[in-house]
Amino acid sequence: MCIRDRLYEEIRRLNVGLESLGRKIRAIRGAAQPRLRIGCIHAYSGAVVSDAISRFRARYPDTPLYLQIRDSNTLRDMVVSGELDLAVVADESELEGLRGHRLASLQAVAVFPAAHGLARLERVDFPHLADLDVIALNAEDGSRKRLDSLLRQAGLSLRVAIETPYSSTVCQLALAGHGVGIANPATAVGMEAAGLCYRPLTAPVHFECHMILHGSRPLSEAGKFWATCLRGALAPLADRFGV
């Protein structure tokens, strides 16, 4: 074997050894770092969570993620019981016994098919919705309460044809032509490619996004980094729709 071939073989063996060492290091790290148990409400479970996962796995590729998509109150109960390490919730969740951090506050948007007449507007005001069927979130939703309060103050009302608990359903029904929806922009932007159009409401109706964790349990380094990933994933939305 010539010198060049021997050198190539030594380099190959060295690379194999380094790859094996890397696998062992990742295995040790994975054994030392248990899975991260996270939760999220439906509104942020699409592009936001996907982006956050990509960021997280770039640093923690061998840490398993246990992801639950539920409503705010269910997620709160899961954090309190220890089933989840942390979760993203809306503002209607009771935070007693928990640590809460606001991640974003986003302006509500009106959603409709791209061919709808409202698409010519830059913003949508209540009078634009007066004679239209409206698809709204359930009455107990925090953003819906803010909407109803503003309507009462203005002496106005909307023709709410459909109520549903999730912005994703609002957007899907609006896209299908069942009315004009009032939704979280985090959901609406993810459906733009499907033909959904959205415009910010003029009225100060907004959606809160909070991260919650148990008040007395320390958060792992992976958990802290997950929170950083969430903030990074939410940043483009906060820049466009933040209030």
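These notes cover the structure that comes with them. (Residues numbered from 1 in each chain as written. Predicted model: local features only at pLDDT ≥ 70, side-chain atom pairs only at ≥ 80, totals over all residues. Heavy atoms only, no water.)

1. So, the packing of aromatic side chains
Right, on to step 1. Inspection of every chain in the model, using the stated rule, returns 5 aromatic pairs.
Right, on to step 2. Ring centres of Phe56 and Tyr60 lie 5.2 Å apart, and the angle between their planes is 20°; on these two criteria the pair is classed as stacked.
Right, on to step 3. The interplanar angle of 80° and the centroid separation of 5.9 Å between the aromatic rings of Phe56 and Trp226 together place this pair among those described as edge-to-face. Of this pair, Phe56 sits in helix α2 (residues 47–59) while Trp226 sits in helix α8 (residues 221–241); the two residues are 170 residues apart in sequence, bridging distant segments of the chain. Like Trp226, Phe56 is buried.
Right, on to step 4. Taken together, Phe56, Tyr60, Phe225 and Trp226 form an aromatic cluster joined through their ring pairs.
Right, on to step 5. Sitting over the face of the ring of Tyr66, Arg35 holds its NZ or CZ atom 4.4 Å from the ring centroid.
Right, on to step 6. Lying across the ring of Phe225, Arg59 places its NZ or CZ 4.0 Å from the centre. (Phe/Tyr/Trp six-rings, centres within 6.5 Å; stacked < 30°, edge-to-face > 60°. Helix = DSSP H or I, 4+ residues; strand = E, 2+ residues; numbered from the N terminus. Buried < 20%, exposed > 50% of the residue type's maximum accessible area, 1.4 Å probe, protein only. Lys NZ or Arg CZ within 6 Å of the ring centre and 35° of its normal.)

2. As for the side chain of Ser167
Right, on to step 1. With respect to the element layout, Ser167 can be found in helix α6 (residues 167–175).
Right, on to step 2. Here the side chain of Ser167 touches Asn184 through a polar contact of 3.0 Å, landing on its backbone nitrogen.
Right, on to step 3. If near-sequence neighbours (up to four positions away) are discounted, Ser167 is found in contact with Leu137, Ala183, Asn184, Thr187 and Phe207. (Polar contact = N/O pair within 3.5 Å; in protein donor to acceptor, adjacent residues only side chain to side chain. Contact = heavy atoms within 4.5 Å.)

3. Some remarks on α6
Right, on to step 1. Among all positions of α6, only Ser167, Val170, Cys171 and Ala174 are buried. Within α6, the buried residues cover an arc of 95° as seen down the axis, which keeps them to one side.
Right, on to step 2. Following α6 by one or two positions, Gly177 has its phi on the positive side, about 90°. (Arc of directions from axis to C-beta.)

4. Comments concerning the pairing of strand β3 (residues 86–89)
Right, on to step 1. Here β3 shows no split at all, with Leu86 and Val88 on one side and Ala87 and Val89 on the other all buried.
Right, on to step 2. When strand β1 (residues 36–40) meets β3, the two strands line up parallel, connected through 3 bridges. Bridge assignment links Ile38 to a residue of β3, and that residue is Leu86.
Right, on to step 3. The pairing of β3 with strand β10 (residues 206–214) spans 4 bridges and is classified as antiparallel. (Pairing = 2+ DSSP bridges.)

5. Points about α8
Right, on to step 1. Helix length check: α8 (21 residues) gives 30 Å between terminal C-alpha atoms against 30 Å at 1.5 Å per residue, within 8%.
Right, on to step 2. Of all the bends in α8, the greatest reaches close to 40° and is centred on Leu234; the proline Pro236 follows between one and four positions later.
Right, on to step 3. If you check which residues of α8 are buried, you get Ala222, Gly223, Phe225, Trp226, Ala227, Cys229, Leu230, Gly232, Ala233, Leu234, Leu237 and Phe241. (Expected span 1.5 Å × (residues − 1). Bend = angle between axes of the 7 residues up to and from the residue.)

6. A few points about the nonpolar core
Right, on to step 1. Ranked by internal contacts, the top residues of the largest apolar core, which has 74 residues, are Tyr44, Val111 and Leu129.
Right, on to step 2. For this core, the element with the highest residue contribution is α8, accounting for 10 residues. (Core = buried A, V, L, I, M, F, W, Y, C linked by side-chain atoms within 4.5 Å.)

7. Brief notes about the sheet that holds strand β9 (residues 196–200)
Right, on to step 1. On the basis of which strands lie adjacent, the open sheet formed by 5 strands has the order β7-β6-β8-β5-β9 and mixed pairing. Of all the strands in the sheet, just β7 (159–164) and β9 have a single pairing partner and so form its edges. On average, each strand axis in the sheet is inclined to that of its neighbour by 30°, with strand direction left out of account.
Right, on to step 2. Two elements, strand β5 (residues 109–113) and strand β8 (residues 180–183), share 3 bridges in a ladder whose sense is antiparallel. For Val111, the partnering residue across the bridge sits in β8 and is Gly181.
Right, on to step 3. Together, β6 (133–137), β7 and β8 form the strand contacts of helix α5 (residues 142–154), whose direction differs from that of β6 by roughly 135°. (Axes fitted to C-alpha atoms, helices over the stretch in contact; angles between N-to-C directions.)

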